[in-house]
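Next come the chains, spelled out residue by residue.
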Amino acid sequence: MTANIATATETVARGPVTVSEGCGYLGWGKYRHCDGGTGSTVMLDVEDFWGSIFHYCVGPGTTNLQPVIKWRVIGAWWNGGTRCIPGYYGPA
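Residues numbered from 1 in each chain as written. Predicted model: local features only at pLDDT ≥ 70, side-chain atom pairs only at ≥ 80, totals over all residues. Heavy atoms only, no water.

## Let's talk about the state of the cysteines
Just so we agree on the cut-off: Pairs of cysteine sulfur atoms within 2.5 Å are identified as disulfides in what follows. Helix and strand assignments follow DSSP, with helices taken as H or I runs no shorter than four residues and strands as E runs no shorter than two, numbered in order from the N terminus. Using a 1.4 Å probe on the protein chains alone, a residue whose accessible area is under 20% of its type maximum counts as buried, one over 50% counts as exposed, and one in between counts as partly exposed.
Counted under the stated rule, the structure contains two disulfides. Put simply, Cys23 and Cys34 are joined by a disulfide, and their sulfur atoms are 1.9 Å apart. Since a negative S-S torsion denotes a left-handed disulfide, the Cys23-Cys34 link at about -100° is left-handed. With Cys23 in the loop between α1 (5-12) and β1 (24-27) and Cys34 in the loop between β2 (30-33) and β3 (42-48), this pair connects stretches of sequence that are 11 residues apart. With relative accessibility at 21%, the residue Cys34 sits in the partly exposed group. Between the sulfur atoms of Cys57 and its disulfide partner Cys84 the distance amounts to 2.0 Å.

## Let's talk about the packing of aromatic side chains
Spelled out, the test is: In this scheme Phe, Tyr and Trp rings, the latter by its six-membered ring, pair at centre separations within 6.5 Å, and the angle between planes marks the pair as stacked below 30 degrees, edge-to-face above 60, and tilted otherwise.
This structure, assessed with the given rule, holds four aromatic pairs. With 6.2 Å between their ring centres and 40° between their planes, Phe54 and Tyr88 make a pair best called tilted. With Phe54 in strand β4 (residues 53-58) and Tyr88 in strand β7 (residues 87-91), this residue pair connects regions lying 34 residues apart in the sequence. By the ring-pair criterion, three or more aromatic residues cluster together here, those being Phe49, Trp50 and Trp71.

## Quick notes on the sheet that holds strand β6 (residues 73-82)
Sheet strands pair via backbone hydrogen bonds, and the direction of the pair is either parallel or antiparallel. How we decide: Criterion used throughout: strands pair if DSSP finds at least two bridges between them. To obtain each axis, a line is fitted to C-alpha atoms, and for helices this fit is confined to the stretch in contact; angles are then taken between N-to-C directions over 0 to 180 degrees.
The strand order β6-β3-β4-β7 describes an open sheet built from four strands, whose pairing is antiparallel. Pairing within the sheet leaves two strands with one partner each, and these edge strands are β6 and β7. When strand polarity is set aside, the average angle formed by the axes of neighbouring strands in this sheet is 25°. When β3 meets β4, the two strands line up antiparallel, connected through six bridges. Each residue of the ladder has a partner; that of Val46, found in β4, is Phe54.

## What about the side chain of His33?
Where we set the bar: As used in this structure description, the phrase polar contact means that two N or O atoms lie within 3.5 Å; if the pair is within protein, one of them must be able to donate a hydrogen and the other to accept it, and residues adjacent in sequence are counted only when both atoms belong to side chains.
Within the secondary structure, His33 sits in strand β2. The class of His33 is buried, set by a relative accessible area of 8%. Of the polar contacts made by the side chain of His33, one reaches the side chain of Ser40; its length is 3.0 Å.

This is the structure we're talking about:
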């Protein structure tokens, strides 16, 4: 599966994020990756309303995970993956 290039461009366009803004899952399908200015990317496990898990790679800043996942996102967490191309990777 490939990442969505539009998502990658959108994520990279955002500025650096500070820890004071909060990091991790923010609710309403939004996830903020705080990278300390390194430009790192991380792979997330994203859970929908029915308990299904999907893989989504995010770069620094806030990413809206909801548009590509059919049912409402209720949680997201880092699954240990790094150095991925930002975007949706499909079901786990």
